[in-house]
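Report on the structure
Listed below are the residues making up each chain.
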Amino acid sequence: MVHVLDEAIAVTRADAEVVTARTHPQWENMVGPFGGITAATVASAVLSHPEVQGEVVAITVNFAAPLAAGEWTIAAEPVRTNRTSQHWTITARQGEDVVATATAVTGVDRDTWADTEAVMPEVDAPDAYAETRIPFPLKWLENYRMRFIAGEIPIPPAPLADDANAMFWLRHAEVRPWDAPALIAASDAFYPRVFRRRGPTVRASTITLTTYLHASATELAAAGPNLLLQAGASRYGRGLFEQRGEIWSEAGALLATTYQLVYFSEPRA
């Protein structure tokens, strides 16, 4: 059986630089596919390239337009290869329309001094918290299991929150080891922070998503099924806000940090 994530990020190489992908109905979001699966598919295009060196260590995906159901293409070009890193530019199209642009960096693992200044929050094991369902009828949510520690969406008559902070345990609904594409997809599993402050009727969509991957492929594979995700936001205004997140293994390793710029508009009175 092929995991639903691997089905969604599968690409077919058309030539040295271009691959073909297809949207997956199990990853549908409010408008088009879940942004995390789109970013993971872009990463898959890079990782399947015949000239790729190393693993993805950074990726930024700019969502220019929603993907319609069906086929789309991704052109990934290695524009610079250094001794330990490789730099990529990526353009995704559906028909003649550009639907996303991206940049990525792949890197070769090196044995160097290491330290982590960020501190994992003190939380109980995942089973200490009840499984939570984000209250939206979106297909992509069925692919994950979440256990919120703090920061659920305030559903009326619950009052709006004074901050956007949230923390929850996340795992695949169907068990699958973590790797770079899966971690990139999970980096978009934070619901828009503005829902905490203004309620779930606000319209919001990601404009750009950046994820930095700090763990090697070996460390990711050994991370276990549960990841701890925590998120917050910085400033809202002009119809935009920035949100940030951290992804930790259950053993306390910081696996990724992620940032988004998100568009929002409040419902008409």
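Note that the structure is a prediction, hence the values are computed from the model and not measured.

Considered as a void within the structure, the largest pocket measures approximately 770 Å³ in volume. Lining the largest pocket are 38 residues, and of these Asn29, Val31, Ala204, Ser205 and Thr206 lie nearest its centre. Estimates place the volume of the second largest pocket at around 600 Å³. In terms of lining residues, the second largest pocket is bounded by 22 residues, among which Asp109, Arg110, Thr112, His214 and Ala215 are the most central. Of all the elements in the fold, those that place two or more residues in the lining of the second largest pocket are β3 (55-63) and α5 (217-221). Considering each element in turn, the lining of the second largest pocket owes the most residues, three residues, to β3. Its residues assigned to classes, the lining of the second largest pocket comprises ten nonpolar, six polar and six charged.

A separate point is the environment of Leu47. Structurally, Leu47 is set in helix α2 (residues 35-47). In the structure, Leu47 is positioned 17 residues away from Met30 in sequence and 28 Å away in space, judged by C-alpha atoms. Residues within four places of Leu47 in sequence aside, it is in contact with Val52, Gly54, Glu55, Val56, Ala180 and Pro181.

Looking now at the sheet that holds strand β12 (residues 254-265). Spatial ordering of the open sheet is given by β1-β2-β4-β5-β6-β3-β9-β12-β11-β10-β8-β7, a layout of twelve strands whose pairing is antiparallel. Each edge of the sheet is formed by a strand with only one pairing partner; in this case those strands are β1 (12-13) and β7 (144-150). In the sheet, strand β10 (residues 227-237) pairs with strand β11 (residues 240-249) via nine bridges, with the strands oriented antiparallel. If you follow Gly237 over to β11, its bridge partner there is Leu240. Relative to β3, α2 is tilted by about 130 degrees, and along the sheet it contacts β1, β2 (18-22), β3, β4 (71-81), β5 (85-94), β6 (97-107) and β9 (203-213).

Within the structure shown, the criterion is met by 13 aromatic pairs. Ring geometry for Tyr191 versus Phe195: centroids 6.3 Å apart, planes at 10 degrees, classification stacked. Judged by relative accessible area, which is 4%, Tyr191 ranks as buried. Seen from their ring centres, Tyr236 and Phe241 are 5.3 Å apart, and the 40 degrees between their planes marks the pair as tilted. The class for Tyr236 is partly exposed, based on a relative accessible area of 26%. Ring-pair connections join several aromatic residues into one group, and the members of that group are Phe136, Phe148, Phe168, Phe190, Tyr191 and Phe195. The ring centre of Tyr191 lies 4.3 Å from the NZ or CZ of Arg193, which sits over that ring.

In this section: the environment of Pro25. You can see Pro25 is positioned in the loop between β2 and α2. Considered as a pair, Pro25 and Ala8 are 17 residues apart in the sequence and their alpha carbons are 8.8 Å apart.

Here is what the cut-offs are and how they apply
- Each chain carries its own residue numbering, running from 1 in the direction its sequence is written.
- Totals for whole chains, interfaces and linings use every residue, but because this is a predicted model, local features are given only for residues with pLDDT of at least 70 and side-chain atom pairs only at 80 or more, for both listing and counting.
- For the side-chain quantities, the full set of heavy atoms in the structure was used; hydrogens and water were omitted.
- Grid spacing is 1 Å over the protein atoms alone, the probe is 1.4 Å, and a cavity is where that probe fits but cannot get out, while a pocket is an open set with protein on both sides within 12 Å along at least five of seven lines and lining residues have an atom within 4 Å of a point.
- Grid points are joined across faces, edges and corners, and a volume is the space filled by probe spheres set on the points.
- Every helix listed is a DSSP run of H or I at least four residues long, and every strand listed is a run of E at least two residues long, numbered separately from the N terminus.
- Under the scheme applied, nonpolar residues are Ala, Val, Leu, Ile, Met, Phe, Trp, Tyr, Cys and Pro; charged residues are Asp, Glu, Lys and Arg; polar residues are all the others, including Gly.
- Here, residues are in contact when the closest pair of their heavy atoms is within 4.5 Å.
- Strand pairing requires that DSSP identify at least two bridges connecting the strands.
- Where helices are involved, their axes are fitted lines through C-alpha atoms of the stretch in contact, as for all axes, and angles between N-to-C directions lie from 0 to 180°.
- Aromatic contacts are taken between Phe, Tyr and Trp rings whose centres are within 6.5 Å, Trp giving its six-membered ring; a plane angle under 30 degrees counts as stacked, one over 60 as edge-to-face, and the others as tilted.
- Only protein chains enter the accessibility calculation, which uses a 1.4 Å probe; a residue whose area is less than 20% of its type maximum is buried, one above 50% is exposed, and one in between is partly exposed.
- In this scheme, Lys NZ or Arg CZ marks a charge over a ring once it lies within 6 Å of the ring centre and within 35 degrees of the ring normal.

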